[in-house]
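Here's the letter readout for the chains.
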Amino acid sequence: RPFPIRLSGPIVKGFGRGSADLGIPTANIPLAGLSVGGNEDVESGVYYGWAGVDIDDTGLRKERGGEGEGRGPGGGVWEMVMSIGWNPYYKNEVRSVEVHIMHAFHHDFYGARMNLLICGFIRPEYDYVSKESLIEDINVDIEVAKRSLEREPYLNLKGEKYLLEFG
Ligand code: ADP
Ligand code: MG
């Protein structure tokens, strides 16, 4: 499948397990709500890329203008790792997209709009016997993502206008 892949959607509530259980918050967007079609054939697994979100670097929503005006290119772009899948560890029944942004925010930002530019695939989903081994793997994924995204072809993608276009 050709990278980068674009996906966007509103950030919705999950079960609150990312932060509470793993210490790694993941912003969830419903796969069904993604604005780019043909996602059925996106393989389950862990990916890395860039996330544009219409919030500032503390996590607060940007001021929205009325009826299509004043909607400047606000928001920010950060590194992210994401999983697409059934989350076997939690026996999920629907496929979800969960995005961990590599930035420390001060606030939640449910309802914000997120534009994802998926740059590459890290690994398939595994079934975990322990929470500790899941956390260990996520931390490795984060390191792999950081190292990949600092390489020039991926770093250049951070400047894509699409990431900060919040219709
Ligand atoms: P949920 O199950 O509702 O997704 P989580 O415990 O996974 O709950 O927390 C995710 C929420 O935390 C996101 O929707 C977002 O509002 C907030 N959040 C704060 N920091 C981050 C971050 N670095 N990456 C992703 N989400 C974050
Ligand atoms: Mg989550």
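Residues numbered from 1 in each chain as written. Chains lettered and ligands numbered in written order. Predicted model: local features only at pLDDT ≥ 70, side-chain atom pairs only at ≥ 80, totals over all residues. Heavy atoms only, no water.

S.K.: Can you explain the pairing of strand β6 (residues 113-123)? Please cite residues and give values.
M.R.: Consecutive side chains of a regular strand alternate in pointing toward one face of the sheet and then the other. Among the 11 residues in β6, eight count as buried, and that is most of the element. Across six bridges, strand β1 (residues 5-10) lies against β6 in antiparallel orientation. For Leu7, the partnering residue across the bridge sits in β6 and is Leu116. Sheet topology places strand β3 (residues 45-53) next to β6; eight bridges connect them, and they run antiparallel. For Val46, the partnering residue across the bridge sits in β6 and is Arg123. (Buried < 20%, exposed > 50% of the residue type's maximum accessible area, 1.4 Å probe, protein only. Helix = DSSP H or I, 4+ residues; strand = E, 2+ residues; numbered from the N terminus. Pairing = 2+ DSSP bridges.)

S.K.: Lay out the nonpolar core in plain terms, naming residues and giving numbers.
M.R.: By size, the foremost hydrophobic cluster in this structure holds 24 residues, and its most contacted members are Val53, Met82, Ile101, Phe109, Met114 and Leu116. Counting residues per element, the ones that place at least two in this core are β1, β2 (27-30), β3, β4 (76-85), β5 (96-101) and β6. The element that contributes the greatest number of residues to this core is β4, accounting for four residues. If we skip the residues at most four places from it in the chain, Val53 touches Ile11, Gly75, Gly76, Trp78, Ile101, Phe109, Ala112, Arg113, Met114 and Phe166. Among the nonpolar cores identified, the runner-up in size contains 19 residues, and Val81, Cys119, Tyr128 and Ile142 belong to it. (Core = buried A, V, L, I, M, F, W, Y, C linked by side-chain atoms within 4.5 Å. Contact = heavy atoms within 4.5 Å.)

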